[in-house]
Amino acid sequence: MTAGLNDAAASESSLRQFLHGLPGVDQVGADQRAASLATRSIKTSAKEFAIDLAIRMVDLTTLEGQDTAGKVRALASKAIHPDPADPSCPSVAAVCVYPDMVATAREVLGDRPINVASVATAFPSGRAALDIKLADTTDAVEAGADEIDMVIDRGAFLTGRYQQVYDEIVAVKEACRRADGSRAHLKVIFETGELQTYDNVRRASWLAMLAGADFIKTSTGKVQPAATLPVTMVMLEAVRDFRDAGGAMVGVKPAGGIRTTKDAIKYLVVVNEVAGPDWLDPDWFRFGASTLLNDLLMQRTKLRTGRYSGPDYFTLD
Amino acid sequence: MSRIDVRKTHKLFIGGAFPRSESGHSYPVHDAKGAFVANAALASRKDARDAVAAARKAFGGWAGRTAYNRGQVVYRIAEVMEDRKPQFVDAVTMSEGVGKAVAGRTVDAAIDRLVWYAGWADKYAQVVGGGNPVSGPFFNLSSPEPTGVVAVLAPQGSSLLGLVSVVAPVIVTGNTCVVAASADRPLPAVTVAEVLATSDVPGGVVNILTGSLDRTAPTLASHMDVNAVDLVGLAGDPQTAAALEEAAADNLKRVRRAPAAEPDWTQEPGLDSLTAFTETKTVWHPIGI
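Description of the structure in this document. Quick caveat: nothing in here was measured; it's all calculated off a predicted structure.

### Digging into the overall build of chain B
Then step 1. Scanning chain B from N- to C-terminus turns up ten helices and ten strands.
Then step 2. Computed over the C-alpha atoms, the radius of gyration of chain B is 19 Å, within 12% of the 19 Å expected from 2.2 N^0.38 for a compact globule of 289 residues.
Then step 3. In terms of principal-axis extent, the alpha carbons of chain B reach across some 85 × 40 × 35 Å.
Then step 4. Out of the 289 residues belonging to chain B, those deemed buried represent 48%.
Then step 5. At a minimum sequence separation of 6, the contacts of chain B that also span at least 24 residues come to 78%.
Then step 6. For chain B, the exposed surface amounts to about 13,000 Å²; the carbon and sulfur share of it is 54%.
Then step 7. Positive and negative charge centroids in chain B, built from 27 and 29 side chains respectively, lie 5 Å apart.

The following block contains the structure:
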């Protein structure tokens with residue numbers, strides 16, 4: 001990180017000054033730009049490429065109170081072979097579960113290059129004391145999680161206590177460290193549906209990146225609206241600008257509400273146009289989704305066989 | 001000065017709404033004498049796909065209703081059609097080139113056909129199902145269940161009576177359907193769509209596509225989420241029918257084959273039309289001691 005960015009995080013007042021000094025987002029303009037990018041027509045070989053890329057970018061997620069070990073095992077098997085009838089179908093990027101299910105998922109995935117992501121820090125509300133959030137994180141990391149999806153304290157953020165949010169991210173990142181010195185990747189969830197404005201989304205993005213997030217993620221999936229195209233675009237602008245300003249390259253993960261191949265392709269177009277082709281990679285862009293995968297598989301089958309497929313031919317979750 | 005005509009461009013009927021074709025295409029519709037009447041939407045294969053998705057979504061709720069309630073809903077379609085009789089008479093006169101009197105009788109027959117099927121809704125199961133005598137301490141019961149999403153290629157000639165005669169038995173037994181209307185005579189089907197939208201039929205139970213069968217029929221026949229296909233609209237075209245039967249075989253769709261010539265729709269149908277798209281479920285239940 002350059003000196004300028006380091007200075008920004010030096011004290012509470014410099015942090016506030018920096019975040020409020022960021023240029024505001026033109027809301028109408030952002031909505032319009034996202035909408036116009038969404039009209040691109042992606043067909044034939046480009047569509048084939050986009051579908052396979054999108055499958056590789058999926059964080060196959062189950063975050064329900066009713067999750068059982070059986071369901072997580074089924075989900076992990078699906079992550080390995082999303083379409084058992086077609087060996088050429090790529091695996092997904094990761095399986096995303098609650099901390100107590102991390103070991104179960106890892107057991108099925110074995111040493112395959114599919115990550116286990118775990119939500120932590122009193123997901124989804126983030127309303128708990130810091131030591132509980134840290135214990136939650138350590139728990140998940142010890143169980144074998146490769147990625148930690150933490151939620152920020154939206155209450156603190158909206159009140160303007162940026163330093164507190166910053167310190168929490170730094171502390172959780174420290175808790176991501178494993179015994180052998182390596183570190184689980186940290187994704188920071190903003191819950192953009194609760195941040196009210198695009199200006200806040202931009203500030204939260206910079207705040208998280210300054211604090212050392214490896215990924216920034218839109219939503220938990222528990223609040224409506226979840227991920228939207230303009231919000232993701234604002235975040236992609238932030239990661240692009242952060243790298244240009246001398247910061248590290250940070251990934252983006254929209255989550256919740258992306259259910260169709262058409263939607264997913266719109267996001268990929270925005271990634272390419274706003275952040276650039278560097279981000280068109282599962283290491284730097286992910287979809288947090290569960291139902292999306294089946295639609296991707298159905299479209300993939302349609303492209304290969306020429307006939308529309310149906311949900312009967314794919315597993316339910 | 002005479003009033004300027006309102007030129008219509010009709011739309012599709014998918015999931016209870018009236019969208020334009022996703023392709024944006026429409027085609028001119030002519031009356032029996034060749035004069036321009038209106039534009040109709042030219043459905044594309046993506047419209048067919050959307051219609052299948054809508055029909056699938058509606059299936060659970062529709063199949064789950066009581067047979068009695070489905071009968072009431074179909075009867076309600078007849079009621080609303082009765083109210084719109086003059087509009088249907090005009091549409092049939094224009095499309096089929098018949099006189100007002102013949103058209104009037106056709107519309108009456110179509111409405112009566114709906115009432116006939118509505119009456120059968122909660123009765124046909126007793127005729128085609130029931131208890132089976134078995135040699136063992138079991139109750140053995142058979143009952144007809146809906147097949148699922150049915151693609152109906154409606155008759156090309158009889159644009160109203162034929163349409164009603166193939167759609168009513170499909171929905172009264174609990175299926176949902178995607179109907180490809182007569183390509184040259186789509187206007188009665190468009191009016192039927194307006195009736196369905198204002199009666200009690202849940203959105204998606206009947207979806208109506210207008211336009212050339214070349215565009216929609218192969219998509220519907222090969223679609224893996226369609227459970228059955230009625231090829232009656234291809235009467236007299238055995239080659240196309242055979243190709244579609246082949247496409248339908250991919251997921252073992254139930255196929256109602258195309259007849260050599262269009263049937264006489266004025267004849268009272270038998271129960272075969274009701275059972276064409278049902279599956280017989282049989283359960284064995286032990287008799288208690």
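### What about the sheet that holds strand β7 (residues 206–209) of chain B?
Residues and elements named next belong to chain B.
Then step 1. Taken in spatial order, the five strands line up as β7-β6-β5-β8-β9 in an open sheet, and their pairing is parallel. Pairing within the sheet leaves two strands with one partner each, and these edge strands are β7 and β9 (254–256). Neighbouring strand axes in the sheet, compared pairwise and without regard to direction, differ in orientation by 15° on average.
Then step 2. Two elements, strand β5 (residues 149–153) and strand β8 (residues 228–230), share three bridges in a ladder whose sense is parallel. Following the sheet pairing, valine 150 is matched in β8 by alanine 228.

### Focus: the nonpolar core
Then step 1. With 97 residues, the main nonpolar core has Ile216(A) and Phe287(A) as its most contacted residues.
Then step 2. Non-local contacts of Phe287(A), meaning those with residues more than four positions away in its chain, are made with Ala54(A), Met57(A), Val58(A), Asp59(A), Lys253(A), Pro254(A), Ile258(A), Ala264(A), Tyr267(A), Leu268(A) and Leu292(A).
Then step 3. With 52 residues, the next largest nonpolar core counts Ala103(B), Val150(B), Val205(B) and Ile208(B) among its residues.

### Observations concerning the state of the cysteines
Then step 1. Under the definition given, this model contains zero disulfides over all chains.
Then step 2. No disulfide involves Cys176(A); its sulfur sits 13 Å from that of Cys96(A), the nearest cysteine.

### Observations regarding the sheet that holds strand β3 (residues 115–120) of chain A
All names here are of chain A.
Then step 1. Here we have eight strands laid out as an open sheet, ordered β7-β6-β5-β4-β3-β2-β1-β8, and parallel in their pairing. Looking along the sheet, the strands with just one partner apiece sit at the ends: β7 (251–253) and β8 (287–289). When strand polarity is set aside, the average angle formed by the axes of neighbouring strands in this sheet is 25°.
Then step 2. With four bridges joining them, strand β2 (residues 94–97) and β3 adopt parallel strand pairing. Each bridged residue has a counterpart across the sheet, and for valine 97 the counterpart in β3 is serine 118.

What counts, and where the lines are drawn
- Residues numbered from 1 in each chain as written.
- Chains lettered and ligands numbered in written order.
- Predicted model: local features only at pLDDT ≥ 70, side-chain atom pairs only at ≥ 80, totals over all residues.
- Heavy atoms only, no water.
- Helix = DSSP H or I, 4+ residues; strand = E, 2+ residues; numbered from the N terminus.
- Rg over C-alpha atoms; globule rule 2.2 N^0.38 Å.
- Buried < 20%, exposed > 50% of the residue type's maximum accessible area, 1.4 Å probe, protein only.
- Contact = heavy atoms within 4.5 Å.
- Areas by Shrake-Rupley, 256 points an atom, 1.4 Å probe, with all protein chains shown as cover.
- Lys, Arg positive; Asp, Glu negative; His and termini not counted.
- Charge placed at Lys NZ, Arg CZ, Asp CG, Glu CD.
- Pairing = 2+ DSSP bridges.
- Axes fitted to C-alpha atoms, helices over the stretch in contact; angles between N-to-C directions.
- Core = buried A, V, L, I, M, F, W, Y, C linked by side-chain atoms within 4.5 Å.
- Disulfide = S-S within 2.5 Å.

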